[in-house]
Structures are given as C-alpha cells and as structure tokens.
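Descriptive structure summary
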Amino acid sequence: MLLRLPTSISEAQECLAEGAVPIGGATLVWAGWQRDGFPELAMSLRDLPAANAVGRGTLGAAVVLHRIDGGVPEVLRRAAATVGTGAVRRTATVGGNIVGSTLRCLLPAALVLDARATVLEPDRVYETDLAEVVAKRHVLLGLRWREPVVSGYHKVPADAGGPPPFVVATAVHAAGDGRRLLRVAARDGYEVLSESVPCEDGPDETLRALDRTEFGALPAEARGVVHRQVTDVLARAAED
C-alpha cells in the first residue's frame, strides 16, 4: 500500500482522483484491511493545514481526538474525551469518527452546534450539512459552527463490548431576535435523533415541547436522562 500525505487542497484532490482511500487515524479500518487486503493507494490528511485547524468555531477533520481542548464548546470537548481509550484518542480523528465510525460519538455534539461540514471532492470543495456527509460518506475537511451560549454532553456508563451506550448532547443558542433556542441530539443504539425547540418559557414548557417531538417516544429511562441534561443546560444558560 502506498500512503500519500498531501499538503495542499489541490494535491489532496489529485489523490482522490487517482482513487486514494482516505484513512484518518486508521483505527477503524486496519483490522478490515488485514482481513480483506490493503488498498493500493491510501491518503491521510494529517499534513493538510485546512484539515488540522482547532479553534473558535472550527475543527479540522484530521485533528486527533486528544487535541480537542478548551478552545471548542464543552459539548464537543466532552464527547471527544469519552471516545475509547487514551491510546485510541491519540490516533482517532474527527473525520474518522463522524464519517467512518458506526458509533459516531461526535455526531450528536456536532448536531447541537448546528455545525456545517466542509467536504473535499476531486473537482471541488463545498459546504453541506452533516446528514449529507453521513449518508454519502464524504471526505470531510472540517466543521464550522456558531458558538452556543452553553452546551453539555452525557454518555451513560456501559459495559465494554455491549450495546452502544445512550448519549445526549445539548446546546442553547441565541437567536437573532433575542430569543433562545435549545438543540438536543441523542444516540440511541446506532440511531441519532435531533430536535430544536424554543426555550424562553422555562424548563417545564421546554421539556413538554421536546416530548412532543421524537424524543417523547424514547424509553422512559433514556427520556429521563435527556430531561436531566436539558434541565442542567437551561439552568446554566439562565445564569449566563
């Protein structure tokens, strides 16, 4: 296998045009390659500046998870901190987790930030929503979002090797007209659901509005986790 390490967008596009397989940190593909055979040509974005940004409102797809620190919202930082072991987080990348993983631990966090994805194709670079990225398994260059007022994240403890643990991410955003909007996303098994509801009328009304969405159909235990996290993030938003 030949591994290419492009240092520019144009070089990365050339690699894609030649059929290079994006590998990220390779934590999710190595075992499969050992079983099924290695591709002739692979590509890592680890030397591409556009894919390595970490800062206010932006996160590159080649950033390894242990580099995600206080420069990003709490919900994203805490999501990254719960992925695998320390050894995994030093290798696994943002793009690999969102596009290459079936668990997509970072996806609920990105959804509540209303993040937009920058995508690389052989003939163009463009911005799209996360649903398209996940469905079409695009080559992700990075994420961009508008900073929330407050955010939060919780992963329910679970035994290793068992079903995927329930995850809930929350964020309160300031709307342009002075109102505030609550965004909630959860991973239930391998499915991810997300909703947005107004949150000016207090926690009780906000929770009632949320229960009128898909979240109301969650099992009682999972719905209780969501309610606790929403109550917490709304309380912190009220202090802001």
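Note: the structure precedes this text.
Quick look at the structure, then. Worth saying up front: this structure is predicted, and the values here are computed from it rather than measured.

1. A closer look at helix α8 (residues 203-211)
- For α8, the complete set of buried residues consists of Thr206, Leu207, Ala209 and Leu210. Viewed end-on, α8 has its buried residues packed into an arc of 160°, placing them on one side of the element.

2. Thoughts on the pattern of salt bridges
- Within this structure, the stated rule accounts for nine salt bridges.
- Taking the shortest distance from any N to any O, the salt bridge between Glu121 and Arg124 comes out at 3.1 Å.
- One salt-bridge network, held together by shared partners, links Glu74, Arg78, Asp232 and Arg236.

3. Examining the pairing of strand β10 (residues 167-174)
- Among the eight residues that make up β10, seven are buried, leaving the element largely enclosed by the rest of the structure.
- Summarising the sheet, strand β9 (residues 150-155) and β10 pair through six bridges and their orientation is antiparallel. Bridged to Tyr153 within β10 is Ala169.
- Sheet topology places β10 next to strand β11 (residues 180-188); eight bridges connect them, and they run antiparallel. For Val167, the partnering residue across the bridge sits in β11 and is Arg187.
- In textbook terms, the turn of a hairpin is the stretch between consecutive antiparallel strands, and for β10 and β11 this stretch comprises five residues, one of which, Gly178, has a positive phi near 90°.

4. Structural notes on the sheet that holds strand β12 (residues 191-198)
- What the four strands build is an open sheet, ordered β9-β10-β11-β12; its pairing is antiparallel. The open sheet is flanked by β9 and β12, the only strands paired with a single partner. Averaged over all pairs of adjacent strands, the angle between their axes in this sheet comes to 10°, without regard to strand direction.
- In the packing of helix α3 (residues 74-81) onto the sheet, contacts are made with β9 and β10, and the angle to β9 comes to roughly 20°.

5. As for unusual backbone geometry
- The phi dihedral of Arg104 falls on the positive side, at around 50°, and the residue is not glycine.
- Here Arg104 falls in the buried class, since its relative accessible area comes to 16%.
- Phi is positive for Arg137, close to 50°, though the residue is something other than glycine.
- Relative to the helices and strands, Arg137 is located in the loop between α7 (130-136) and β8 (139-144).

Procedures and definitions
Sequence order as written defines the numbering, with residues in each chain counted from 1. Owing to the predicted nature of the model, reporting of local features is limited to residues with pLDDT of at least 70; listing and counting of side-chain atom pairs is limited to 80 or more, with chain, interface and lining totals taken over all residues. The side-chain figures draw on all heavy atoms in the structure; neither hydrogens nor water molecules are used. Working definition: with a 1.4 Å probe on protein chains only, accessible area under 20% of the residue-type maximum means buried, over 50% means exposed, and in between means partly exposed. Here a helix means four or more residues in a row that DSSP labels H or I, a strand means two or more in a row labelled E, and each is numbered from the N terminus. Think of the arc as the fan of directions from the helix axis to the C-beta atoms. The working definition used for a salt bridge is a side-chain nitrogen of Lys or Arg within 4 Å of a carboxyl oxygen of Asp or Glu. Being paired, for any two strands, means DSSP has found at least two bridges between them. Fitting a line to C-alpha atoms yields each axis, with helices limited to the stretch in contact; the angle taken between N-to-C directions then spans 0 to 180 degrees. Throughout, a residue-residue contact means that at least one pair of heavy atoms, one from each residue, lies within 4.5 Å.

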